[in-house]
Amino acid sequence: MRRRPQTSTTASEPTPVAQTVSTNGHRRQSIRRQPILFFSLFFLVVYGSWAVYHFQFEVLPKPLSPDQAGKRGFSEDLAMQHVIALTRPGPHPIGSDALDIAFEHVLESSRRIKESAHWEVDVEVDLFHARTGASRLTKGLFKGKTLLYSDLKHVVLRIKPKYLPEAEERAILVSSHIDTVFSTEGAGDCSSCIAVMLELARGMSQWAHGFKNSIIFLFNTGEEEGLNGAHSFIIQHPWRNTIRFFIDLEAMGIGGKSAIFQSGGDPWALEIFSRVAKYPSGLVMAQDLFVSGVIKSATDFQVYAEVGGLSGLDFAYADSSAVYHTKNDKLELLKPGSLQHLGENMLSFLVELGRSSHLQDDKGGERGASGQSIFFDVLGLFMVLYSQRFADLLHYSVVAQSLVIWTASIIMGGYAAGGAFILSFISIILMWVFSLSFSVIIAVVIPRICSSPAPYLANPWLTVGLFGAPAVLGALTGQSLGFLLLQKYLKRVWSKKRTTSPALQTELVGWESERWLFKAGFLQWLLALLLGSILKTGSSFLALVWLVSPAFAYGLIEATLTPARSPRPLRILTLLIGSAVPLVLSSGMIVRLVGTMTGLLVRFDRNPGGSPEWLGGATLAVLISALVCLVFVYFLSYIHLSDAKKPVVIGLLTLLCVTLASVATGTFPAYTDDVARAVNVVHVVESDGGDPATFVTLFSTTPGRLEREVKGFEGEDFACGRSRRLDFVTFHVDYACSSSTDSQQGWTRTEIPSLRVLADAVVDGVRSTRVSIDTKLSTRWSLAVNSHVVEDFTFRLPASEEQEEEAEELVPRHDKSSVDGRHIIQFSGGRDSPTKFEMELFWSKNETAESEGSPLLRLRTDVNRVTPKVRRALERLPSWCSLFGKSTSPYTLAFLTTLPVDFKL
């Protein structure tokens, strides 16, 4: 009697269709997974990831009023009053009147804290005026530079128990900066940090009578011009030798949760924070990105660690990274609860540090006892913390066990398993190649069909369709090719056994291929774990989780103990159990990473026009493709033996096409009044000793041309293109829009700086040249020294008429470094800074060919003045454009002066 085909489902297979294959007495179930299953899983992953991100990064505490916080608590309402006062004057860079107003507010607030302190607490307020100094940092952005400063003022507030004198010698430093760049009022960077510190100091002044250590709050100026404020304090201030640990507060966006993003190797400090913080937040991934140089920035952390030899923690806001250093770093975008989150964390942390016995008499306390630490928070509820030493033991143990298991399984499976192993690895390679190719192709296409090469800046979720869809499509294509190769190979192997019918053999080969693709994900994450462990990358804990959890689920549910047992279809339950923990731990971080890197494209091109327009998008596409290949490798292996492949492909193509059409037609604007494109407008006066050339130029660090931005400039004769490379000393511009029409107003010849040769001689076979530098009215300037010609130099203030001896050298001879054939000197200071200097150049005996055509010295002086033509340009720029400030960028008026190599006395 012929039996009716049976249909069955299991708890682990909620929507499959089962068909019975019956040949020669063998009966097996062929599982066909339906499209609805995969779309449901996709929705679950996307919605779940967004929910994790929202809960981990966007759920902020309720702001507290003064009454709710009490005398010893932290009130965001009080802190916001400081933010309002600090942002009211507008941008306040070094040397500006607005900075004086902001500085006075901090000083007066500190004095009020002293007056209201607990009677057993001693509060000292010091107005510190730093003398002229020089800094040479060896890493990151400042390699190859000498940073000079003068006339910097800081407010230093020390809180200590009145009746414990020894507490004065053990201090915790809390530091941030008052100054901003010239383009923003700095509500996030870093008025929010200063406001939190003032409110913390108010609260700490009521706690400190029970402390064993003192707390120093440093409100510095000069951070935005090369970390000069922190350097002048750690080198010159008399309290510097009492500091045992530091906390730096920063902002790379505006508001949100402030998290640890750099740690200085003190495990006890991280342990204390993770234990006492009410809303613990920290990401070792951010530290890895910062240290690697992917994020082109620096904080005072570098000075305290490198120059001061201290250990500490760096906290930063990172929401809305696209507003960084633009006009949109404004009070209106500062999220309620941001200050409360940081303030309550810091208050409990500082109270515990104040009472701690960990601070020793030597700097750094127990620094380096266990090396760097791995740290991350789980949904903002608690932190996981362990040492790099333990991480090495754990990671290498997992790697070794994995290699043993792989080796044993291949030996047991024989040559067939060895061949399948190689082909599964090839499938991983194909997945990466196709995923990267598809998404990068879209990145190259976007500038050709859109008005902006980065049309997703104001709406980062568009990257899901623009880069996520082709990345998944490419990964599926590559894995499909690998699946076909596996099937072909395994079919040939199984055909030699001749123990099953062709129909059943086809089913078994498919199931076995599917399992090899799933196991290939283990191999991918194993390699990532091994590489991360070798490089001591803290983020390698993610590779550990994505390897161990799915492997455990597979071993528990799927693994066969003998090669004689026939393969079975993969269960959906294996995927759900194996991916649950990794997604909870990493999905929020992944969403934050993509959002942050998208925002960084506002300032992607450090040399405007120097990179192809598509490069920024391609960089983002590579990141998203890498994340897709890493995270979706297990998920995609289920699609090949299903009815979902065609609907999935159609869905991805539809998403891609709809998103491309929307950005091409401008449905979603690339920039808004809250997310601006960085466009600098500079009036340039260039002189090489003859008649100066003068013009106004527009350039942008955001990828893309500027024709759209200058459309409303009728009558100003702006021409855009690459006709001339403009050398701004600290960077160069390859693409700009410029006009020399009506550019003679707003400056005078007497303001043009001078480079004058005082003497040129050869002594003991070494040629030396003495040069005087007069920057006229500018107290912010940059000087490039041609290191192909000049081997070394000294830099000093000239002797005044009242002095008989020359002033002490600011920059002595020796230990100079250079980048791209230049050593850069950057100077910034207050209004009373000197403007006349002398330097002595010591020429190289072996002048290189690269020096041909390059000047001996090139000076750029900056003046924070808006000339008439610049004013008209600023008024006519679209509202979604903003000036962009950084330590290397010029103000709106810049003078360029050159001293050629073949100068004449």
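Quick caveat: nothing in here was measured; it's all calculated off a predicted structure.

Asker: Any details on the packing of helix H12 (residues 462-495) against helix H13 (residues 502-534)? Residues and values, ideally.
Answerer: Look at H12 against H13: their axes get within 9 Å of each other, and the N-to-C directions meet at 130°. In terms of orientation, H12 lies oblique with respect to H13. The element H12 and its partner H13 pack so that their crossing is right-handed. Contacts from Gln479, Phe483, Leu486, Gln487, Leu490, Lys491, Trp494 and Ser495 of H12 reach H13 at Gln505, Leu508, Val509, Gly510, Glu512, Ser513, Glu514, Trp516 and Leu517. The residue inventory of the contact of H12 with H13, partitioned by class, reads eight nonpolar, six polar and three charged.

Asker: Which residues make up the nonpolar core, and what values go with them?
Answerer: Membership of the largest hydrophobic core comes to 220 residues, with the highest contact counts inside it found for Phe217, Phe219, Phe245, Ile247, Leu350, Phe467 and Leu698. At 15 residues, H12 tops the list of elements feeding residues into this core. Contacts of Leu350, omitting those with residues within four sequence positions, involve Ile172, Val174, Leu200, Met204, Phe211, Ile215, Phe217 and Ile247. The next biggest cluster of nonpolar side chains, apart from the first, holds 26 residues, and it includes Leu148, Ile773, Phe827 and Leu856.

Asker: Explain the sheet that holds strand S3 (residues 121-130) to me, and be specific about the residues and the numbers.
Answerer: If you walk across this open sheet you meet the seven strands as S3-S6-S8-S7-S9-S11-S10, and the pairing is mixed. In the strand order of this sheet, the two ends are held by S3 and strand S10 (259-263), each with one partner. Adjacent strand axes in the sheet meet at a mean angle of 20° when their direction is disregarded. Bridge analysis of strand S9 (residues 243-251) against strand S11 (residues 312-317) gives six bridges, and the strand direction is parallel. Each residue of the ladder has a partner; that of Leu249, found in S11, is Phe315.

Asker: Describe the state of the cysteines, with residues and values.
Answerer: Counted under the stated rule, the structure contains two disulfides. Disulfide pairing places Cys190 opposite Cys193 at an S-S distance of 1.9 Å. Handedness of the Cys190-Cys193 disulfide follows from its S-S torsion of about -45°: it is left-handed. Here Cys190 and its partner Cys193 are both found in helix H5 (residues 187-204), three residues apart, which amounts to about one turn of the helix. For the residue pair Cys190 and Cys193, the accessibility class agrees, reading buried in each case.

Asker: Let's hear about the sheet that holds strand S24 (residues 809-811): which residues, and what values?
Answerer: Spatial ordering of the open sheet is given by S20-S21-S26-S23-S24, a layout of five strands whose pairing is antiparallel. Looking along the sheet, the strands with just one partner apiece sit at the ends: strand S20 (754-763) and S24. For this sheet, the mean inter-axis angle between neighbouring strands, taken without regard to orientation, is 25°. Looking at chain direction, strand S23 (residues 790-796) and strand S26 (residues 836-843) are connected through six bridges and run antiparallel.

Asker: Could you give an account of H13, with specific residues and numbers?
Answerer: A rise of 1.5 Å per residue sets the reference length of H13, with its 33 residues, at 48 Å; its end C-alpha atoms lie 47 Å apart and thus fit the reference within 8%. Directly after H13, the chain includes Lys536, whose backbone phi takes a positive value near 55°.

Asker: Account for the packing of aromatic side chains, naming residues and giving values.
Answerer: Evaluation of the coordinates by the stated rule reveals 37 aromatic pairs. Seen from their ring centres, Phe273 and Phe349 are 5.4 Å apart, and the 80° between their planes marks the pair as edge-to-face. Highlighted residues: Phe273 in helix H7 (residues 267-276) and Phe349 in helix H10 (residues 338-355), separated in sequence by 76 residues. Both residues of the pair, Phe273 and Phe349, count as buried. Here the aromatic rings of Phe518 and Phe522 are separated by 5.6 Å at their centres, their planes lie at 85°, and the arrangement is edge-to-face. With Phe518 and Phe522 both in helix H13, this residue pair falls four residues apart, about one helical turn. Pair check on accessibility: Phe518 and Phe522 agree, each one buried. Following the ring pairs from residue to residue traces out a cluster consisting of Phe518, Phe522, Tyr554, Tyr634 and Tyr638. Taking NZ or CZ as reference, Arg72 lies 4.6 Å from the ring centre of Trp207, over its face.

Asker: I'd love a proper account of the pattern of salt bridges, names of residues and values included.
Answerer: Per the counting criterion, the structure on display carries 37 salt bridges. The partner of Glu558 in a salt bridge is Arg571, and the shortest N-O contact between them spans 3.8 Å. A residue pair is termed long-range when its members are at least 10 positions apart, and Glu558 in the loop between helix H14 (540-557) and helix H15 (572-599) and Arg571 in the loop between H14 and H15 qualify at 13 residues. Accessibility expressed as a relative area gives 24% for Arg571, which makes it partly exposed. Arg872 is the partner of Asp742 in a salt bridge, and the nearest nitrogen-oxygen pair spans 3.0 Å. With a gap of 130 residues between them, Asp742 in the loop between strand S19 (736-739) and S20 and Arg872 in helix H19 (residues 868-876) connect regions that are remote in the sequence.

Asker: I'd like a rundown of the side chain of Thr794, residues and numbers included.
Answerer: Relative to the assigned elements, Thr794 resides in strand S23. For Thr794, a relative accessible area of 5% puts it in the buried group.

Quick notes on the rules
Residues numbered from 1 in each chain as written. Predicted model: local features only at pLDDT ≥ 70, side-chain atom pairs only at ≥ 80, totals over all residues. Heavy atoms only, no water. Axes fitted to C-alpha atoms, helices over the stretch in contact; angles between N-to-C directions. Helix = DSSP H or I, 4+ residues; strand = E, 2+ residues; numbered from the N terminus. Parallel < 35°, antiparallel > 145°, perpendicular 65-115°, else oblique. Left-handed = near helix turned anticlockwise from the far one by under 90°. Contact = heavy atoms within 4.5 Å. Nonpolar A, V, L, I, M, F, W, Y, C, P; charged D, E, K, R; others polar. Core = buried A, V, L, I, M, F, W, Y, C linked by side-chain atoms within 4.5 Å. Buried < 20%, exposed > 50% of the residue type's maximum accessible area, 1.4 Å probe, protein only. Pairing = 2+ DSSP bridges. Disulfide = S-S within 2.5 Å. Expected span 1.5 Å × (residues − 1). Phe/Tyr/Trp six-rings, centres within 6.5 Å; stacked < 30°, edge-to-face > 60°. Lys NZ or Arg CZ within 6 Å of the ring centre and 35° of its normal. Salt bridge = Lys/Arg side-chain N within 4 Å of Asp/Glu carboxyl O.

These figures capture arrangement, not role.
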